[in-house]
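Each chain is listed here by its residues.
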Amino acid sequence: MTIDAVTAEDLARRLADVEAQLAAVRQEAGRAADRGAVENVFNRYMHYHNAYEDQRIIDELWAKPGTPGIRSRYNNVGVYTTYESVTAYHRGRPRPVGKLLLHYTTTPVIEVGADGQTAKGLWLMAGTESGLTDPAVAENVPEWVFSGGEVDGKRVWAHWVWCKYGVDFIRQDGEWRIWHFRCYEIARAPFDRDWVSFAADNQESHDSALAWFGDDGVPVFLPPVDAPAPTQYEPYANDRAQTLDPVPPLPYREFTDTFQ
């Protein structure tokens, strides 16, 4: 076909094809950029959490006050369903002397909704947690929590820990924010024990309100929940098989097309 033979109709069709291809490329590029931004939000969360920078988590990462559907969950006790209760976890969190958190995440599965308004992510986490407990406090803590030895007259506890994090994100004013947050602790063990034998000792922790060990190893408990947990999850135990919980997210268009 010569240039002279190209009709206005042909040109219009070709132009429409080019515009459609360009729109598709722009959409894919935008979703790729959004995926990176979502991953950065969660990675910042973990860096802030390790350093006890909880006010930054509240100000920079969580969805805004009044966001419908905001919630968080940490165990089988229950769920937090308001901005105030969700952020209560981060308010007044102690920064104990001699305590170390080093949680690091891997194996992300992240899906950004085709409408660009929400996203979902699943991560695996491995890490270490350790601290010192005053002898008077240690008298009320189960012996199997400790790892042996003392430093500066205080009992040592040092654990390996493994978790999953399932997080939903929402775009607000052009920025990605945490909307739904869930931590699934899978297993832990003192550094001098295996997680198989430790699982039987530690099983009840997944149904308790213990949040962390604060100054001098004093146990600190989670705020009261807003509602009971709608489902139960099962961490590692030596008398049952592993299950796929949660399911890694799949591509979706709008949030109503997927699970929370």
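Quick look at the structure, then. (Residues numbered from 1 in each chain as written. Predicted model: local features only at pLDDT ≥ 70, side-chain atom pairs only at ≥ 80, totals over all residues. Heavy atoms only, no water.)

## Description of the overall build of the protein chain
For clarity, the cut-off: Put simply, DSSP marks the helices as runs of H or I at least four residues long and the strands as runs of E at least two long, and each gets a number from the N terminus on. For the radius of gyration, the atoms used are the C-alpha atoms, and the globule rule reads 2.2 Å times the number of residues raised to 0.38. Accessibility here uses a 1.4 Å probe with only protein chains present; expressed as a share of the type maximum, an area under 20% marks a residue as buried, one over 50% as exposed, and anything in between as partly exposed.
When you go through the protein chain residue by residue, the secondary structure sums to five helices and ten strands. The C-alpha radius of gyration of the protein chain comes to 24 Å, more than 25% above the 18 Å expected for a compact globule of 260 residues. Its C-alpha atoms put the protein chain at 95 × 40 × 35 Å along the principal axes. The burial tally for the protein chain puts 43% of its 260 residues in the buried class.

## With respect to the nonpolar core
As a reminder, the rule being used: We call a set of buried Ala, Val, Leu, Ile, Met, Phe, Trp, Tyr and Cys residues a nonpolar core when their side-chain atoms join them within 4.5 Å.
Core analysis: the biggest nonpolar cluster contains 37 residues, and Phe42, Tyr45, Tyr165, Val167, Phe169, Ile178 and Phe181 have the highest contact counts within it. Counting residues per element, the ones that place at least two in this core are helix H1 (8-50), helix H2 (54-61), helix H3 (83-88), strand S3 (100-112), strand S4 (118-133), strand S6 (154-172) and strand S7 (175-190). Counting seven residues, the second-largest nonpolar core is a separate cluster that includes Val137, Ala138, Val141 and Val145.

## Here we look at H2
What counts is decided by this rule: Directions drawn from the helix axis to the C-beta atoms are what define this arc. Any pair of residues with heavy atoms lying within 4.5 Å of one another is described as a contacting pair.
Those residues of H2 that sit buried are Asp54, Ile57, Ile58 and Leu61. Buried residues of H2, viewed axially, fall in a sector of 120°; they line one side. Among the structural elements, H1, H3 and S7 are those in contact with the buried residues of H2.

## Some words on the pairing of S7
In plain terms, the rule: Here, any two strands with at least 2 DSSP bridges between them count as paired.
In terms of burial, S7 is a largely internal element, 15 of the 16 residues being buried. Direction of pairing for strand S1 (residues 71-73) relative to S7: parallel, over a ladder of three bridges. Its bridge partner being in S7, Arg71 is matched across the sheet by His180. Sheet topology note: the S6/S7 ladder contains 14 bridges and is antiparallel. Its bridge partner being in S7, Trp160 is matched across the sheet by Ala189. From the end of S6 to the start of S7, which pair antiparallel, there are two residues, and Asp173 there has a positive phi angle of about 50°.

## Things to note about the side chain of His180
Worth spelling out the cut-off: Two N or O atoms count as a polar contact when they lie within 3.5 Å, although within protein this holds only if one can serve as hydrogen donor and the other as acceptor, and sequence-adjacent residues are included solely when both atoms are side-chain atoms.
Relative to the assigned elements, His180 resides in strand S7. A relative accessible area of 5% means that His180 is categorised as buried. Of the polar contacts made by the side chain of His180, one reaches the side chain of Asp168; its length is 2.8 Å.

## Let's talk about the pattern of salt bridges
Rules: Here, a salt bridge means any side-chain nitrogen of Lys or Arg that lies within 4 Å of a carboxyl oxygen of Asp or Glu.
Evaluation of the coordinates by the stated rule reveals 15 salt bridges. The shortest N-O distance in the salt bridge between Arg193 and Asp201 comes to 2.8 Å. Residue class for Asp201 comes out partly exposed when judged on its relative accessible area of 26%. Members of the salt-bridge network, linked through shared partners, are Glu129, Glu185 and Arg188.

## What to know about the packing of aromatic side chains
To keep things clear, this is the line we draw: Within 6.5 Å between ring centres, the rings of Phe, Tyr and Trp (the latter by its six-membered ring) count as paired, and their orientation is classed by plane angle as stacked under 30 degrees, edge-to-face over 60, tilted in between. Charge over a ring is defined by NZ of Lys or CZ of Arg lying within 6 Å of the ring centre and within 35 degrees of the ring normal.
Inspection of the entire model under this criterion finds 17 aromatic pairs. Look at Tyr74 and Phe181: their rings are 5.8 Å apart centre to centre, the planes differ by 45°, and that puts the pair in the tilted class. Here the residue Tyr74 occupies a position in the loop between S1 and strand S2 (78-79), and Phe181 occupies one in strand S7, the gap between them amounting to 107 residues. Comparing Tyr74 with Phe181, the two get one shared label, buried. Between Trp162 and Trp195, the aromatic rings sit 5.3 Å apart at their centres with planes inclined by 70°, giving edge-to-face as the arrangement. Here Trp162, found in strand S6, pairs with Trp195, found in helix H5 (residues 195-202); they are 33 residues apart in sequence, far enough to count as distant. Since its relative accessible area comes to 27%, Trp162 is described here as partly exposed. Sitting above the plane of the Trp212 ring, Arg93 keeps its charged end 5.6 Å from the centroid.

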